[in-house]
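Geometric and topological summary
So you can see what is in the structure, the chains are spelled out below.
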Amino acid sequence: MPKLGIDRDFLREYARMDRKLQDRVQEVFAKFDAATHAGIHLEKITNARDDRFRSIRVDQFWRGIVLAPESGDSFTLLKVLPHDAAYTWAQRRQVSVNAATGQIEIRDVAAIDATLPELDRFAEGRTSRLFDNISDKDLRRLGVDDQTLQFARVLTSELQLEAARAFLPQNQWEALYGLAAGLSAEDVWAALGAPTDEPIDPDDVGAAVQRTTERVLLVDGSEELLEVFRQPLDLWRIYLHPVQHQVAHASYKGPARVTGGPGTGKTVVAIHRARHLGERADGKVLVTTFTSNLAASLQAGLDLLVDDLEVRRRIAVQHIDQFAHQVFRQQHGKPRMLSDETSVWHDIRHRLDLPFTETFLFEEWRQVVLAHRVQDAESYLRAKRSGRGRPLNARQRGQVWQAIEAFQQRLHDERLWTHETVRAEATDILSRQKDKPFRHIVVDEAQDLSPEQWRLLRAATSEGPDDIFIAGDAHQRIYQHRISLREVGVRVSGRSTRLTVNYRTTAEILAWSFQLLRGEAIDDMDGDLDTVAGYRCETHGLPPELRSFRTRADELRGLCEQIQSWTSAGVQLGEIGVAARSNGVVDAIVNELARAGIPAHALDRSNPPADAVAIGTMHKMKGLEFRCVAVAGATAQQVPPATAITPVEDDRATHLQDVQRERCLLFVACTRAREHLYVSWHGAPSEFIA
Ligand SMILES: Nc1ncnc2c1ncn2[C@@H]1O[C@H](COP(=O)(O)OP(=O)(O)OP(=O)(O)O)[C@@H](O)[C@H]1O
């Protein structure tokens, strides 16, 4: 039986073909085995540089280009193009096997031959070249072959390398890009994704195709092929970067985690990991995250990825507080929740005449007492107050403890609960259970979980191999939880992997968004600093559009015009997202769009209409993505709002953390954009943008 592989680039193009051509492509390739048996349709290409390319007739005008093996019967569908373009494509290119990764690579030899002499001339007058500090030995070890090496040696700038991406062999270009970005040869090696240990035969294209899971999907029979064609846009289901694949399918001795900037596919890895653990059938899997709408999008991803009902049954998706409440309810019934926490702290503060704000007392309770499970005054006197800026002497600690005790007493007397105390109680319940509810836990957007939430998860599964898998990015921390995984009993050292390819955002949007963070030092939740070295984007596009207006009314009108200009350029309403810092601005935008007759919906609605602009606060944008994103109301007073920032004179450390969190929030909103980002304000712009 001949095997057909589908190349990732082909599937991408397939998604853009018109329906008639898609149907025809399906028809031809569904009958592929019969066609190859009969020896028809597959034709050699005259004047090809690589005689493994064949053409296949789709219809009168269109031709498919297939990579045929020298022996065996694995064929890979690479392209479907109009007749002449298909032949030109094949005549310019050559296939090779990467010496380090063992994967197939395709290069545009004609483009390399045409560019090299020009670059060489340009480099002649230069004193330094891009890879002066990298030895041939290192380059070769990373899979760079003769032709690419010669090319690399005449490069003088990263821009030239960036431009060469279109024609250099993919893995070799990635290695060069990583080195140019300052990564060490070891880091580049790791980012290529565990190059194979088995000896690599450079002529065995068939074996190389099998190894190239990142770009070739081998389908078994026409049914599987039709299934692939049904969801051509969801490439993430099928093609994983080798590092993504490795992380999702590895066996770990304990907790493990994946990090990486926005859009690097952490959620994708978390979903594949959950399926992998579900398929092992050694116990139940909890997939959890911070909020309900993120849990809903994880569920949607799992529904797309997991067909097997038995596997699906083993995987539960719940947001973390939903899980805590469920555990609590099973034991005690529904908790009576304290409805207005701030006013209780306010009363206590006044009654005891304390020189601290309500927020300070609440945060002290949350970040010190609950986080470190402090039980009495004496332990509080000795408690570590890391992350808290304002120092407290013993007398002040005594005063704060009085307030905390009063608050806890009130909860106890009135049998009231807060989310924090529900979590703590659920954790105690789980800690006493010998049979844990889950064998594996997968956590997405982990950077925002609080210490009590981590303790809850730690108690929900026994310590052991593959117990907890974490996906998160500390650059996107938008709630105030600085935690140390070690302190909450989740040890990931030696089992942490960073993803570096951004599949979502253009390089221009990502670069602009990163400068919003302005070099803030971001911790990695495990005692070190997080880094963004070596990140790269799959696509390029326009720089973000920044618009300044005089008044709010002008700004809202400008936003409507921007949305209309996107839709007249062919963008669907459902592909547009609008973010603002506050609910008030969100409401104003909803009203303005309604006045302008633009269908829109607020992001917190369940079952939102498909063809309407999504509008929400920046917090609600977390984890989502849109083809076009507008961030409106980025004015000096609103981003950041004064209410969200602790005055520096109250507590300097908390002030700095608040500012960092607000920067991260704007960063999260902006990095939701796939192709276009528009940012507007009226009056003075936010200090983060200015
Ligand atoms: N291997 C892949 N091939 C193609 N697309 C991918 C791949 N991995 C991820 N993507 C796509 O990239 C986008 C971002 O993925 P995902 O949401 O998993 O990233 P993330 O790292 O969790 O992002 P963020 O932290 O910003 O929320 C999605 O559209 C996803 O489908």
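Look above for the structure.
A brief structural summary. (Residues numbered from 1 in each chain as written. Predicted model: local features only at pLDDT ≥ 70, side-chain atom pairs only at ≥ 80, totals over all residues. Heavy atoms only, no water.)

1. Here's the deal with the overall build of the protein
Note the threshold: Counting from the N terminus, the helices are DSSP H or I runs at least four residues long and the strands are E runs at least two residues long. Per-residue accessibility, obtained with a 1.4 Å probe over protein chains only, is compared with the maximum for each type, and a residue is labelled buried under 20%, exposed over 50%, and partly exposed between these values. Two residues form a contact once any of their heavy atoms are found within 4.5 Å. To measure how exposed things are, a 1.4 Å probe is used in the Shrake-Rupley method; for residues, cover is taken only from the protein chains shown.
Helices and strands together make up the secondary structure of the protein, namely 28 helices and 22 strands. Taking the principal axes of its C-alpha atoms as reference, the protein extends roughly 90 × 65 × 55 Å. By the burial criterion, 54% of the 690 residues in the protein qualify as buried. Taking as baseline every contact in the protein between residues at least 6 positions apart, the subset at least 24 positions apart corresponds to 75%. Carbon together with sulfur atoms contributes 48% to the accessible area of the protein, which is approximately 30400 Å² in total.

2. Considering the packing of aromatic side chains
Going by this rule: Between 30 and 60 degrees the pair is tilted, below 30 it is stacked and above 60 it is edge-to-face, where a pair is any two Phe, Tyr or Trp rings, Trp via its six-membered ring, whose centres lie within 6.5 Å. Geometrically, a charge over a ring is one whose NZ (Lys) or CZ (Arg) sits within 6 Å of the ring centre while staying within 35 degrees of the ring normal.
By the definition in use, this model includes 19 aromatic pairs. With 6.0 Å between their ring centres and 50° between their planes, Phe 10 and Tyr 14 make a pair best called tilted. Linking Phe 10 with Tyr 14, this pair stays in helix α1 (residues 8–16), spanning 4 residues, or about one helical turn. For the pair shown, Phe 10 and Tyr 14 are each scored as buried. Measuring from ring centre to ring centre gives 4.7 Å for Phe 328 and Trp 417, while their planes differ by 75°; the resulting arrangement is edge-to-face. One end of the pair, Phe 328, is in helix α17 (residues 320–332); the other, Trp 417, is in the loop between α21 (394–413) and α22 (419–432), with 89 residues separating them in the sequence. A relative accessible area of 2% places Phe 328 in the buried class. Since its relative accessible area comes to 24%, Trp 417 is described here as partly exposed. The rings of Trp 345, Phe 362, Trp 365 and Phe 407 are connected pair by pair, giving a single aromatic cluster. In this structure, Arg 397 is placed above the aromatic ring of Tyr 380, and the distance from its NZ or CZ to the ring centre is 5.8 Å.

3. Some words on the sheet that holds strand β18 (residues 576–580)
The following threshold applies: At least two bridges found by DSSP between two strands is the condition for calling them paired. Each axis is a line fitted through C-alpha atoms, and for a helix only the stretch in contact is used; angles between axes span 0 to 180 degrees, taken between their N-to-C directions.
The 6 strands lie next to each other as β17-β22-β21-β18-β20-β19, forming an open sheet whose pairing is parallel. The sheet is open, and its two edges are formed by β17 (545–549) and β19 (600–602), each paired on a single side. Going from strand to strand, the sheet's axes swing by 20° on average, the running direction of each strand aside. Running at roughly 45° to strand β22 (residues 673–682), helix α24 (residues 507–516) makes contact with β17 and β22 of the sheet. Relative to the sheet, helix α28 (residues 652–670) contacts β18, β21 (626–631) and β22, its axis offset from that of β21 by approximately 140°.

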